[in-house]
Amino acid sequence: MAKSLISKIDIPLLRKKYKKGIPFNHVVIDNFWNNKIVQKIEKEIKDFKFFGTKDISIYDSPLEKKITCNHYDKFPKNIYNAFSYLNSQEFVDTVSKITGIKKIITDIGLHGGGLHIHPSGGKLNVHKDYSIHPKLGKERRLNLIIYMTKNWKKEWGGSLELWSHDKKKNKPDKLVTKVSNKFNRAILFDTNQNSWHGLPNQIKLPHGVRRQSMAIYYLTEPRFKTDKRKRALFAPTKKQEGDKKVLNLIKKRANLKTSLQSYRNK
């Protein structure tokens, strides 16, 4: 796969920024795809038929409102080639140099990844991703998300929020960083540093506009002290704290056996 799929990047600079990222290791990479390919990918995503097929997943709950597709055989040519490149050894080597993480394993099945669409009203509560891949048994270490909506306006919302960790209560503590989903911007971040992230506030979009992104995750062999979480752990929004239905949904979604006492109103 040709290197020209992505723009030229400064690996030493990105490595420094990644290590300094707070509240957990992350780095933002603007102009990720090169100018020739990005326009083609964007058009294919915009024209992609998300309805009328059974090969999509629709999430519509108080925790998340989004549509996803991770089926390679449904992807048009340029999207297909883009995800193939992100799984290539060439790009994995680049990710390893930026993060310092060695022996990265790709997830060619795009479990939980692929194309993500948030229509108007879309949201994703702040959460920690699964730490152990439910099928491969490997540790999920990194997320790469690339934003693919042209001319995004900040007033629509949709920024990715990165939160610090309340160790005692195992929940998000404070909003530390916001990453606007600027067109062709990528964010690469460590998912196993109690990496609370999401877009908890519903976005408000004009007719015909969608929050579009591409997502892919990278794995390694499980480390000794890795949390063996196979499902995402969501946090309620401030308004949802104390709502038994929402807390029970979180418990069910995460396959938890214990209640979420830290969020119940006293």
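The following paragraphs examine the structure supplied in this document. (Residues numbered from 1 in each chain as written. Predicted model: local features only at pLDDT ≥ 70, side-chain atom pairs only at ≥ 80, totals over all residues. Heavy atoms only, no water.)

1. Notes on helix H2 (residues 35–47)
Here is step 1: Between its first and last C-alpha, H2 extends 19 Å over 13 residues, near the 18 Å set by a 1.5 Å rise per residue.
Here is step 2: Every buried residue of H2 is listed here: Ile37, Val38, Ile41, Glu42, Glu44 and Ile45. Projection of H2 onto a plane perpendicular to its axis shows the buried side chains occupying an angular sector of 165 degrees, all on one side. For H2, exposure combined with an orientation more than 90 degrees from the buried face picks out Asn35, Lys36, Lys43 and Lys46.
Here is step 3: Summarising the contacts, the buried residues of H2 are in contact with helix H3 (77–86), strand S5 (114–118) and strand S12 (211–220).
Here is step 4: One side-chain oxygen of the residue at the start of H2 lies 3.0 Å from the amide nitrogen of Lys36, identifying that residue as Asn34. (Helix = DSSP H or I, 4+ residues; strand = E, 2+ residues; numbered from the N terminus. Expected span 1.5 Å × (residues − 1). Buried < 20%, exposed > 50% of the residue type's maximum accessible area, 1.4 Å probe, protein only. Arc of directions from axis to C-beta. Contact = heavy atoms within 4.5 Å. Polar contact = N/O pair within 3.5 Å; in protein donor to acceptor, adjacent residues only side chain to side chain.)

2. Here we look at the pairing of S5
Here is step 1: Within S5, five of the five residues are buried, which leaves it mostly tucked inside the rest of the structure.
Here is step 2: The pairing of strand S3 (residues 64–69) with S5 spans three bridges and is antiparallel. Bridge pairing in S5 places Ile67 opposite Ile117.
Here is step 3: Bridge analysis of S5 against S12 gives five bridges, and the strand direction is antiparallel. Each bridged residue has a counterpart across the sheet, and for His118 the counterpart in S12 is Arg211. (Pairing = 2+ DSSP bridges.)

3. Some remarks on the pattern of salt bridges
Here is step 1: The final tally for this structure, using the stated rule, is nine salt bridges.
Here is step 2: The residue Lys74 makes a salt bridge to Asp55 at a minimum N-O spacing of 3.3 Å. Taken together, the residues span a long stretch of sequence, with Lys74 in the loop between S3 and H3 and Asp55 in the loop between H2 and strand S2 (57–60) at a distance of 19 residues.
Here is step 3: With relative accessibility at 39%, the residue Lys74 sits in the partly exposed group.
Here is step 4: With its nearest N and O atoms 2.7 Å apart, the salt bridge here joins Asp60 to Lys65.
Here is step 5: Taking relative accessible area as the criterion, Lys65 reaches 25% and is therefore assigned partly exposed. (Salt bridge = Lys/Arg side-chain N within 4 Å of Asp/Glu carboxyl O.)

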